[in-house]
Each structure stands twice: as structure tokens, then as C-alpha cells.
Amino acid sequence: MRTKGDQAAPQLSLGWIFRQNRGALAMALLWAVGAEAAGLLALAAVCLAVVWAIDGSLLAQGMSRPLWLAAWLLAAILAKGLGAYLSTASAHKVAFEFLRQTRSRLVERLADMPLGFFNQRNTGQIKKILWEDVERLEAFIAHNIPDVLASAVNLILAAGLLLALDWRVGLAAVGVALGCGAVYGLATGRHRNLYEQWCEANENLNAAMIEYIQGMPAIKAFNRPSRFFAALGKAIDDCARLEKELVAKWYWPMAVFTVGSRAGLAAILPLGGWLHLQGELTTGALVMLLLLGFHFGSGFLSLLSFGASLEQNSAGITRINSLLAGPVMPWPAEGEGSEPGTGLSGRDLAFSYPQGPEALRGVDFSAPPGRVLALVGPSGSGKTTLARLMARFWDPDQGRVLFGEADARQICWPRLMKQVAFVFQDAHLFSGTIGENIALGRPEASREAIEACARQAQCHEFIAGLPQGYDTRIGDRGVQLSGGERQRLCIARALLKDAPVVIFDEATSFLDPLCEAQVQDAISRLCQGKTVVVIAHRMETVVAVDEIILMDQGLAVARGGHEELLAHSRLYAELWAAQQGAAVWKIGQGVGPADRGGRILQKRERGYV
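These remarks concern the structure in this document. (Residues numbered from 1 in each chain as written. Predicted model: local features only at pLDDT ≥ 70, side-chain atom pairs only at ≥ 80, totals over all residues. Heavy atoms only, no water.)

### Regarding the overall build of the chain
Applied cut-off: Helix and strand labels come from DSSP, where a helix needs a run of H or I of at least four residues and a strand needs a run of E of at least two; each type is numbered from the N terminus. It only takes one pair of heavy atoms within 4.5 Å for two residues to be counted as in contact.
Helix and strand content of the chain: 20 helices and 10 strands. At a minimum sequence separation of 6, the contacts of the chain that also span at least 24 residues come to 77%.

### Quick word on the sheet that holds strand β2 (residues 358-367)
Cut-off, in case you're wondering: DSSP bridges decide pairing: two strands pair if at least two such bridges lie between them. Note on geometry: axes are C-alpha line fits, over the in-contact stretch for helices, and angles between N-to-C directions span 0 to 180 degrees.
The antiparallel open sheet is built from four strands, whose spatial order is β2-β1-β4-β5. Every interior strand has two partners, whereas the edge strands, β2 and β5 (406-407), have only one. With six bridges joining them, strand β1 (residues 344-352) and β2 adopt antiparallel strand pairing. Of the residues in β2, the one forming a bridge with S352 is E358. Running over the sheet, helix α11 (residues 383-390) touches β1, β2 and β4 (398-403) and is turned about 60° from β2.

### A few points about the pairing of strand β8 (residues 531-535)
Looking along a regular strand, one sees side chains alternate from face to face of the sheet. Defined as follows: Note on classification: 1.4 Å probe, protein chains only; a residue is buried when its accessible area is under 20% of the maximum for its type, exposed when over 50%, partly exposed between these limits.
In terms of burial, β8 is a largely internal element, five of the five residues being buried. Burial along β8 is two-sided: the face carrying T531, V533 and I535 and the face carrying V532 and V534 are both buried. Of the pairings in the sheet, the one linking strand β3 (residues 372-376) to β8 comprises four bridges and is parallel in character. Bridged to L375 within β8 is I535. In terms of strand pairing, strand β7 (residues 501-505) meets β8 through five bridges, oriented parallel.

### Topic: unusual backbone geometry
Although it is not a glycine, D498 sits at a positive phi angle of roughly 55°. Relative to the helices and strands, D498 resides in the loop between α16 (483-497) and β7. Among the residues examined, D498 registers a relative accessible area of 47% and is labelled partly exposed. At Q553, a position not held by glycine, the phi torsion is positive, near 55°. In this fold, Q553 is placed in the loop between β9 (547-552) and β10 (555-560).

### Section: a nonpolar patch on the surface
Applied cut-off: Residues with no salt bridge and a relative accessible area higher than 30% make up the patches, which join like charges within 9 Å and nonpolar side chains (Val, Leu, Ile, Met, Phe, Trp, Tyr) within 5 Å. Under the convention used here, a 1.4 Å probe and the Shrake-Rupley method define accessible areas, while residue burial counts only the protein chains that appear. What counts as a salt bridge is simple: a side-chain nitrogen of Lys or Arg found within 4 Å of a carboxyl oxygen of Asp or Glu.
A contiguous nonpolar surface patch, about 300 Å² in accessible area, is contributed by M27, L30 and W31. Structurally, M27 can be placed in helix α2 (residues 22-55).

### Brief notes about the packing of aromatic side chains
Note the following rule: Each aromatic pair joins two rings of Phe, Tyr and Trp (for Trp, the six-membered one) with centres within 6.5 Å, and gets the label stacked for planes under 30 degrees apart, edge-to-face for over 60, and tilted for any other angle.
Applying the stated criterion to the full structure yields six aromatic pairs. An angle of 20° between the planes, with centres 5.4 Å apart, marks the rings of F393 and F422 as stacked. On the criterion of sequence distance, the pair formed by F393 in the loop between α11 and β4 and F422 in strand β6 (residues 420-423) is long-range, its members being 29 residues apart. Using a relative accessible area of 22% as the deciding quantity, one classes F393 as partly exposed.

Taken by themselves, the reported measurements are silent on function.
Written out as C-alpha cells, the structure is:
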């Protein structure tokens, strides 16, 4: 069966970029060649004016020669400008299309990756690849490639004219420049590892900055800016230290190359002057050699910039390819695979996080339509992991998750996502409008349908009080809303999606008691005829569900109704007693049953009981 995961993403390389855009880049090259040829014609006009001025013939025929040279020079300058513009425009067209395609490929690849991949990579690394590395490649294609093509043409034409005017002077000028270029290449080639270290330090700096900014409320609340700023300061210092090392090891070869690119003039002047005194070189030829020598050096300086950019972009392409080659979850192609049935079940499920301990082993569950299944247990027992296997955020290492009789791995992505609505404890909203956030699962939904679900989720009233109502933009991650408001919007989103399977991760944890009772009524209406899975941290919210599975250390250690588990499971009874004791605890109260229950629970989680 053909799957999305079977489609290997083509790897990027400079050769691949050239092959994919050969037509547009060929046009950019042709216009660059024309621009450089026009530049040399302008140089020839200047040279001719200097020669005629020296031998006194510039005004021999009145103003005809100066006017003729001025027209020649103006035409050459205009042709050079037009060629440079068309070359740059062609290259930019390729660059912007490459930018769009590459970012789209990366985003699509990220969407196909299991969540475990994001647990192993920090946000700074991914952000650097998606933004900085791709953006740098755009600049490389749009600017560096046309520049280096123009410089290559410039060097070839200038070197050819130097050798044609006098092969001895030409060899001296070209030889000095090539020698300096070889020194630069040998010197900088030894420091590639240092550049890679600097790139890694940049990724760490990005991650530290993001963590510092996102964690600012907690940092201020606990008065710990110094600790977190120390981590950010270390990242800044590491980056600065490596930048200084790079400059210290690269500045002298760069200086040699920069000076050497102009050193050809130092060879042309004495050698050309001596040949002129010997009568072997005319005045016009000497002037032209000097002007060409300066022009030749400018081309070499452009190559210096290209070499540094090539080094940076080669490392960037390696990082982009590492993301494109990342693990993906195989999915049947759209329209293929199995049709999902009704109900949700799991058989002999086992799962381990990458480089982590086993999180689940031998877990079975069954949630038919119209029934509510609750997952309870101590922190770290595997509740959330099991729920995320149900929604296929990860694939189990062993066993199967079934929608009816269809394995979740054999259902194509669009079909599977229509089956499940997930309300997270950490309500995540996007920076669009409130209406767009509610309609995330059904973008085509009408405003009337959106408002109806918002009313059921008890959020229409606060939305109506906002400046633009449902068209109000709510900021990055919904930061302009309270925790309860964000959670009610996520519940409205699940109501609107109307999926046959609904998974709640403590969906009412941020609500006040009155609003919670109202939302619970809305959830009850949402769940009618559906398969519902609830991850419960407050056990009193699930006493009336159809079945409770008690999780502990990755195992389903008990299952049944509330009264049954209370009577036959010691761990369940301890959890219940601890929460009931906590419910009546008051500030200033001493150690009591709730405190002792909490300590018993901690000991059990750590394996002491």
C-alpha cells in the first residue's frame, strides 16, 4: 500500500537547485554576461579617452570625439544597468519560488512527524532551520549566484584581455591573484568545524531566548530572573566566544585575499612601465592594462564574499536535509486505506519514548459508542500517553488501536482526523480571530453554527463583549484571554467538529464552579451517542462514567465502576481519599489525613509501598 511515509523527501543540494531552475538561472547568467560585457565596453571608452588626452588628440576634431565617447559611455552604462536588473530579477523569481517550496516541504514534513521528534529537538533548532537557513538560501540564490556568475564572466574577460594586451603582464597579474586565492582557501578550509560549532551555539541561543521570553511570567512570579538570565547569558557568551574565534582565525586569510586581489596592480605597474620604456608596450596598452587590473581585482573580491556564503549555506542545507530526512508516520494516501468503524479499542498496547523508559505495556481498553471511558492514576502513570496513542499522535511499539475493526495505521489522515476531537488540558489557541479558532476543525462552518457551539460552551457572552466579537484577534496562543476563556473556546471547537470520538484531558480544570456546571451540561450533550475518553485528574468528575481504567507505572492495574474500584483497589482508594482530604483542607491547617494520604501516594509512586 502506498503511504505518505513511503515518499522519501528529495534532498536539497546546490546542484539540485540549479537543475530544478536551469531555465531561469540560464537567463540570469546571460543577462549577467551582457552586463559585464557592457561594463568592459564602458572601461574601454574611459581608456580611449585617457589615451587621446595624453597624446593630445582628444580635441583634434573639435567636440566630436568627446561627444562620441560620452554617447558610447552612456550607452554602455545603461546596458550594464539593464543587464544587472534583468539578471537580478530572474534570480529573485527563482529564489522566492524556492523559498515557498522549501518552507512548504518542511512544514508538510513536520506535520507528518511523530510528536516524539519534537521532544528531542528544541524550538530554537527548528526555528533556525525554518527561518534563518531557508532565508539565507534565498539571499544566496537571489544575490550571490548572479554576483558570482557576473564575477566569473568579469574575471574571464578581464584575464583574456590582460593576456591579449601583453601575455607577460597578464600572467603576472593573474598569478598574484590566484596565489592569494589559494592561500585563502587553504586557511579557511581548516576551520569548518569551528563554523559548525558556532551554528550549534546559535541554535542553543535561539532556544534559550525563546524559553526566557515564554517563561517570563513564572520567572517574575518566583523572582528568579538571575538564574534564567544566567542560562541565556551563557548561551550569548558561547556564541560571542565562537564568533571571536572565527574572526581571529579568518581575518588574516581574508586580509591576504583582499590585498592580493589588488596586488596585481603592483605587478602591472613596474613590469608594464619597464616594457613601455623598452618600447614594447604603447601608452594606450599600459593604461588599459592598469584599468583592467583594477577591474580584475574587483571580480576576485566578489568571489571572497561568495566563498563565505557558500560555506554558510552548505551547512544550512545539511540542517535542512536533516529535517527533511526526519522520521515520519506512514499514512495511506488520501482516499485509500480502511474505513473507520464505530467505537474505539486498543489491544496489547506497549510504547516507549525515544531514549526513555517504557511508558505503557500490555494495555487493553474498549470504548463503544455512547459510553464514557475514564483514565485515572498517579502522575506519570501513562494516562496521557494512552490517550495520545488513541488519536495516533504516536504509534504503539506493540499492539493496535482500532476504530471499529480498522487499525488506526490503515486509515488515511483526513478520515482519521474526522473521527477524533481532542480537548487538551493546556488549551492551545492560534493568533487568528476567535471565529477562526473555533472553526479550526470545520473551516467551512457558518457563523451561525460557530455561535451556536460557543453558546453551548458558555463562551458566547464574553465573546460578544469583545471589540470585534467573533472577529477579534486574540494574540499569540490566546494570551489576551484567561485560562478559563481559552478552555471554553477549545470545548466550542470540539462541539463544532462533532467527531464520533471525543478525548478530554481534564477539559474543565480552569473553569469556575458555576461555569463548570454549565459546560458539563454542554459536554453531556456533545457526548450523546459518541465514544468519549476522559483523562481525569479530579476523580469526583468521573464517578458516574461507564468504566474507569486505573493506570499505574504504564499498566492498566484495575478497571470497573467507581464503587467497584473503591471497594477492591487499594491504590484507587488511596487516590480517592487523598483528593477528598484535599478538598476540605484549609490554609493554616496542620498535618492531617489529606497530608498523610498525599505522602502515601508519593511513596507508592516512587516504589516504596
